[in-house]
Amino acid sequence: MAPQKTVAKQQSSVPANAVDSLWKAYSDNTPKRLKFIDSFLVFLMLSGIVQFLYCVLVTNFPFNAFLAGFSSCVGQFVLTASLRSQVNPENKETFKEVSPERAFADFVVGSIVLHFFVFNFLG
């Protein structure tokens with residue numbers, strides 16, 4: 001019976017070890033610029049989830065306001081994910097002609113256009 005308990009203990013610690021090793025590799029190998037972008041992506045995702053849950057659980061009375069806010073979160077998430085992939089040093093070969101400054105300028109212009117449409121959708 002004792003070997004079965006140790007096997008079960010080892011199997012339950014495997015996911016924890018995998019998560020720990022993933023977090024350690026992320027924190028050691030990811031540049032601070034990408035970590036900052038990732039934290040903004042997490043914020044956008046949580047903001048969209050909260051808006052969706054509010055719409056489902058409480059009310060969706062100004063439905064166009066919900067659609068504007070939710071589409072703003074989704075659109076900004078897509079733009080930020082694109083910025084992350086263009087700024088990532090490991091993707092230099094894929095984005096040879098795009099400098100980090102150019103990628104950020106594209107991100108800013110895309111965000112302005114996105115929020116212009118979101119603001120107009122609010123009415």
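Up top is the structure.
A brief report on the enclosed structure follows. (Residues numbered from 1 in each chain as written. Predicted model: local features only at pLDDT ≥ 70, side-chain atom pairs only at ≥ 80, totals over all residues. Heavy atoms only, no water.)

**Regarding the layout of surface pockets**
By volume, the largest pocket is sized at about 190 Å³. Taken together, the elements giving at least two residues each to the lining of the largest pocket come down to helix 2 (32-57), helix 3 (63-87) and helix 4 (100-122). At four residues, the largest contribution of residues to the lining of the largest pocket is made by helix 2. For the lining of the largest pocket, the class distribution of residues is eight nonpolar, one polar and one charged. (1 Å grid on protein atoms, 1.4 Å probe; cavity = no way out; pocket = protein on both sides within 12 Å on 5 of 7 lines; lining within 4 Å. Points joined across faces, edges and corners; volume = space filled by probe spheres on them. Helix = DSSP H or I, 4+ residues; strand = E, 2+ residues; numbered from the N terminus. Nonpolar A, V, L, I, M, F, W, Y, C, P; charged D, E, K, R; others polar.)

**A word on the environment of Ser27**
Its location among the elements puts Ser27 in helix 1 (residues 2-29). Relative accessible area serves as the criterion here: at 28%, Ser27 is assigned to the partly exposed category. Within the structure, the side chain of Ser27 is placed 3.1 Å from the backbone oxygen of Lys24, a separation counted as a polar contact. (Buried < 20%, exposed > 50% of the residue type's maximum accessible area, 1.4 Å probe, protein only. Polar contact = N/O pair within 3.5 Å; in protein donor to acceptor, adjacent residues only side chain to side chain.)

**Looking at the nonpolar core**
Of all hydrophobic cores here, the largest spans eight residues; its members are Leu34, Ile37, Leu41, Leu83, Val87, Val98, Ala103 and Phe107. Secondary-structure elements contributing two or more residues to this core are helix 2, helix 3 and helix 4. Examining the composition of this core, we find that three residues originate from one element, helix 2, more than from any other. (Core = buried A, V, L, I, M, F, W, Y, C linked by side-chain atoms within 4.5 Å.)

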